[in-house]
Amino acid sequence: MVTDPIADFLTRVRNAQMAGHRIVEIPASNLKKRITEILYEKGYILKYKFEEDNKQGVIKIALKYDPATKQPAIQSLERVSRPGLRQYAKPEEFKRVKNGLGVAIISTSKGVMTDKDAKVQNVGGEVLCYIY
């Protein structure tokens, strides 16, 4: 039983990158699917596939590496809000991640989105994680 599925998601991606794996498999949920879509839209992963099984399904993520240096595209995955201490922010309170080069993923009333999209729509919410 996993108490924090988002931290588990981030840790699996982080560990797969450190081990140099090309593909990582993660148990699926709607929240994890949306986070995966954001990672793809922002260019942090090569591609992804949602596979159904008889249980909850699986997300297969193809990780992205720099061809010359073999460094992963994702330098850091940092969990912000956690079950023991939730972190909420209004649009004007969003911190810039890595001087604007990174992305914060926010869970809002209008769905899971990046900090920039949440600012445009003027909605606040729970700050799930920082990625750069």
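Definitions and limits used
Residues numbered from 1 in each chain as written. Predicted model: local features only at pLDDT ≥ 70, side-chain atom pairs only at ≥ 80, totals over all residues. Heavy atoms only, no water. Helix = DSSP H or I, 4+ residues; strand = E, 2+ residues; numbered from the N terminus. Rg over C-alpha atoms; globule rule 2.2 N^0.38 Å. Polar contact = N/O pair within 3.5 Å; in protein donor to acceptor, adjacent residues only side chain to side chain. Contact = heavy atoms within 4.5 Å. Pairing = 2+ DSSP bridges. Axes fitted to C-alpha atoms, helices over the stretch in contact; angles between N-to-C directions. Expected span 1.5 Å × (residues − 1).

**A closer look at the overall build of the protein chain**
Scanning the protein chain from N- to C-terminus turns up three helices and eight strands. Sequence-ordered secondary structure for the protein chain, helices as α and strands as β, is α-β-α-β-β-β-β-β-β-α-β. In summary, the protein chain has a C-alpha radius of gyration of 15 Å against a globular reference of 14 Å for 132 residues, a match within 12%. With the C-alpha coordinates aligned to their principal axes, the bounding extent of the protein chain is approximately 40 × 40 × 25 Å.

**Examining the side chain of R79**
Examined against the element boundaries, R79 turns out to sit in strand β4 (residues 77-79). Separated by 2.9 Å, the side chains of R79 and D4 make a polar contact. Here the side chain of R79 touches S81 through a polar contact of 2.5 Å, landing on its backbone oxygen. Setting aside anything within four residues of it in sequence, one finds R79 in contact with D4, I6, A7, L10, R86, L128 and C129.

**What about the sheet that holds strand β2 (residues 45-51)?**
Pairing is antiparallel across the open sheet formed by three strands, whose spatial order is β1-β3-β2. Looking at which strands have only one partner, the edges of the open sheet turn out to be β1 (23-27) and β2. In this sheet, neighbouring strand axes are inclined to one another by 20° on average, regardless of whether the strands run parallel or antiparallel. As paired elements, β2 and strand β3 (residues 58-63) share six bridges and run antiparallel to each other. If you follow E51 over to β3, its bridge partner there is V58. Against the sheet, helix α1 (residues 5-19) contacts β1 and β3, and its axis sits at roughly 165° relative to β1. Relative to the sheet, helix α2 (residues 30-41) contacts β1, β2 and β3, its axis offset from that of β2 by approximately 155°.

**Considerations on α2**
Helical geometry note: an α-helix holds 3.6 residues per turn, so side chains three or four residues apart project in the same direction. When the terminal C-alpha atoms of α2 are compared, their 17 Å separation across 12 residues agrees well with the 16 Å that a helix rising 1.5 Å per residue should span. Looking one or two residues past α2, G43 carries a phi angle of roughly 85°, positive in sign.

**Brief notes about the environment of V123**
Within the secondary structure, V123 sits in the loop between α3 (115-121) and β8 (125-131). When the C-alpha positions of V123 and L77 are compared, they lie 23 Å apart, and in sequence the two are 46 residues distant. Non-local contacts of V123, meaning those with residues more than four positions away in its chain, are made with P91, F94, T108, K110, M113 and A118.

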